[in-house]
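# Coordinates in review
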Amino acid sequence: MSFRLALAQCMYAPDNDNAKMARTYFDLAKNAHADLIVFPEAFMGPYDDERMCYVNEPEPLEGTFSKTIDSMAAEYGIWVVYTITESHPQGCSPFNTAILTDPEGNKQGIYRKIHLFDAQGYRESDRLSAGDRIVSPIETTLGSIGLGICYDVRFPELSRIEALNGCQLMLFPSAWVSGQGKVSQWETLLRARAIENGMFVAGVSRSDPGYIGDSCVFAPDGTLLARGEKTPWADMPKVMIDPEMHKPTVGSETCDYEALIIADIDLDRINTVRESTPALQHRRTDCY
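On a predicted model such as this, the values are computed, not experimentally measured, just so you know. (Residues numbered from 1 in each chain as written. Predicted model: local features only at pLDDT ≥ 70, side-chain atom pairs only at ≥ 80, totals over all residues. Heavy atoms only, no water.)

Take helix α5 (residues 182-197) next. For α5, built from 16 residues, the straight-helix expectation of 22 Å at 1.5 Å per residue is met to within 8% by its first-to-last C-alpha distance of 23 Å. Within α5 the residues assigned to the buried category are K182, V183, W186, E187, L189, L190, R193, A194 and N197. Buried residues along α5 cover an arc of 160° about the axis, so they all sit on one side. A positive phi of about 60° marks G198, the residue just after α5. (Helix = DSSP H or I, 4+ residues; strand = E, 2+ residues; numbered from the N terminus. Expected span 1.5 Å × (residues − 1). Buried < 20%, exposed > 50% of the residue type's maximum accessible area, 1.4 Å probe, protein only. Arc of directions from axis to C-beta.)

A full pass over the atoms with the stated rule returns 17 salt bridges. We note a salt bridge from R23 to E75, for which the minimum N-O separation is 2.9 Å. Here E75 lies in helix α3 (residues 64-76) and R23 lies in helix α1 (residues 18-31), a separation of 52 residues in the sequence. Residue classification places E75 among the exposed positions, given a relative accessible area of 51%. Residue R206 is joined to D208 by a salt bridge in which the shortest nitrogen-to-oxygen separation is 2.5 Å. In this pair, the class of R206 matches that of D208, namely buried. Because the salt bridges share partners, they merge into one network encompassing E41, K113 and E124. (Salt bridge = Lys/Arg side-chain N within 4 Å of Asp/Glu carboxyl O.)

With that settled, consider the nonpolar core. Core analysis: the largest hydrophobic core is formed by 49 residues, its most contacted members being L5, L36, L147 and L171. Ranked by residues supplied to this core, first place goes to α5 with 5 residues. With near-sequence residues (within four places) excluded, L171 lies in contact with L5, L36, V38, V81, I145, G146, L147, G148 and A202. By size, the runner-up hydrophobic cluster in this structure holds 27 residues, among which are C10, A34, F43 and Y76. (Core = buried A, V, L, I, M, F, W, Y, C linked by side-chain atoms within 4.5 Å. Contact = heavy atoms within 4.5 Å.)

So, on to the packing of aromatic side chains. Scanning the model with the defined rule gives 11 aromatic pairs in all. Plain terms: the ring middles of F26 and Y76 are 5.3 Å apart, the flat faces sit at 20° to each other, and that makes the pair stacked. With F26 in helix α1 and Y76 in helix α3, this residue pair connects regions lying 50 residues apart in the sequence. In terms of burial, F26 and Y76 fall into one category: buried. Between Y151 and F155, the aromatic rings sit 5.1 Å apart at their centres with planes inclined by 85°, giving edge-to-face as the arrangement. Stacked on the ring of F95, the Lys or Arg R112 has its end atom at 5.3 Å from the ring centre. (Phe/Tyr/Trp six-rings, centres within 6.5 Å; stacked < 30°, edge-to-face > 60°. Lys NZ or Arg CZ within 6 Å of the ring centre and 35° of its normal.)

This is the structure in structure tokens:
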């Protein structure tokens, strides 16, 4: 079985209307005959350090933004993964939530980011609440799909648990912060999660100033299937970048780091790789 995956490597919309921008990418995905489109982390609003935007912005799962994206999935007949800033039912800081919606516009999977990015000078936990459970792979007409978000890729346990439960494609919508060595870390981690589990792994990163772009899709043997261009500031610390100097240009032929990245996913490759290198079967659970 095979299908076409599309990664929407984009910036935050300059007019603050990411739902309108989503339609641009849905159009591109439809024209490319994609079956599934994945948007990056912090898709509903800007991803910054201002706590007030996380206080004022959150919506419930059936809020306006979510309903709009779900309706586009139905309109275009495409599976979609996107993220929202989800309001907390107890009034605490919101969740960073990924949603998988089917081509009829129905939510089929919901994952709340469990590993918050309290590292490299950032404190995600100051403005967001952590989820408290791993979501089992979601059975779809395209195969079994697992969800993680950005920093989650640094924790191999998450992907391994998904793989042991039948995951065939692991998706990481991300806002991977730029800086020295960050591109190689991103690519290495995604590739490692694919190789060690013998499954497809894809990560789509924002391409706003301060983020790397460089969205990637890896096959179960670690082969790179598709990659978006890294941003001009990918190797620069985010604090050194002036976001006012760089504006989104969706649809511009001159802006390679804003693009729809396409990869064809042949799920039969999983069996081929696992038969050749049955690492999952060789795990010594009696020793660890």
